[in-house]
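Below are the chains, spelled out letter by letter.
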Amino acid sequence: MKKTISLITAGLAVVCIGAFLLIHHEVTDRFNPLVKKESVYVQINKDGKHLSPGRYEYTLEGYNDTGKEKEITFSSSASLRKNAYLKVHAKGKYVETWEEVQPGGMPSAVRTKLIRQ
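What you see is a predicted model, and the numbers here were worked out from it, not measured in a lab.

Enquirer: Help me understand the nonpolar core in this model?
Expert: Soluble, globular proteins show a tendency: their nonpolar side chains are buried together. Core analysis: the largest hydrophobic core is formed by 13 residues, its most contacted members being Val42, Ile44, Ile72, Phe74, Leu86 and Val88. Of all elements in the fold, only β1 (37–43), β3 (55–64), β4 (69–76) and β5 (85–91) reach the threshold of two or more residues within this core. In terms of residues, this core owes the most to one element, β5, which gives three residues. Beyond its immediate stretch of four places on either side in the chain, Ile72 contacts Val40, Val42, Tyr58, Thr59, Leu60, Val88, Ala90 and Val95. With seven residues, the next largest nonpolar core counts Tyr85, Val101, Met106 and Val110 among its residues.

Enquirer: Teacher, can you tell me more about the packing of aromatic side chains here?
Expert: Applying the stated rule across the entire model yields two aromatic pairs. Aromatic side chains Tyr58 and Phe74 sit 5.7 Å apart centroid to centroid with 20 degrees between the ring planes, which places their arrangement in the stacked category. In this pair, Tyr58 is assigned in strand β3 and Phe74 in strand β4, connecting sequence segments 16 residues apart. With relative accessibility at 2%, the residue Tyr58 sits in the buried group. For Phe74, a relative accessible area of 4% gives the class buried. An angle of 50 degrees between the planes, with centres 6.1 Å apart, marks the rings of Phe74 and Trp98 as tilted. Of the two residues, Phe74 sits in strand β4 while Trp98 sits in strand β6 (residues 94–101), which places them 24 residues apart along the sequence. Classification of Trp98 as partly exposed rests on a relative accessible area of 30%.

So, how was this worked out
Residues numbered from 1 in each chain as written. Predicted model: local features only at pLDDT ≥ 70, side-chain atom pairs only at ≥ 80, totals over all residues. Heavy atoms only, no water. Core = buried A, V, L, I, M, F, W, Y, C linked by side-chain atoms within 4.5 Å. Buried < 20%, exposed > 50% of the residue type's maximum accessible area, 1.4 Å probe, protein only. Helix = DSSP H or I, 4+ residues; strand = E, 2+ residues; numbered from the N terminus. Contact = heavy atoms within 4.5 Å. Phe/Tyr/Trp six-rings, centres within 6.5 Å; stacked < 30°, edge-to-face > 60°.

What follows is the structure in structure tokens.
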């Protein structure tokens with residue numbers, strides 16, 4: 001009986017941990033050595049979602065260095081300038097930092113796709 005209870009408890013623990021990791025993928029991406037860092041270039045083409053006083057969240061379509069399309073979600077402490085181009089430093093779903101860039105500072109594979117939008 002004790003062995004059955006231990007197996008059920010262990011199984012529930014594994015299910016709970018798995019669910020937590022799926023929900024919090026940005027946390028796991030941050031520490032997962034198999035997830036590579038990459039730059040994703042986006043244009044601020046819509047308003048950010050106002051989360052709380054002083055926080056805005058943006059979910060945008062962008063492109064990595066090779067021109068592959070990526071969806072990226074990040075936050076800012078202020079509403080960002082409309083039509084600005086950003087270079088987002090990401091590791092999977094985890095966003096480390098972002099910075100504003102000029103079109104000339106983007107790879108050509110990105111520039112041709114992002115600027116024609």
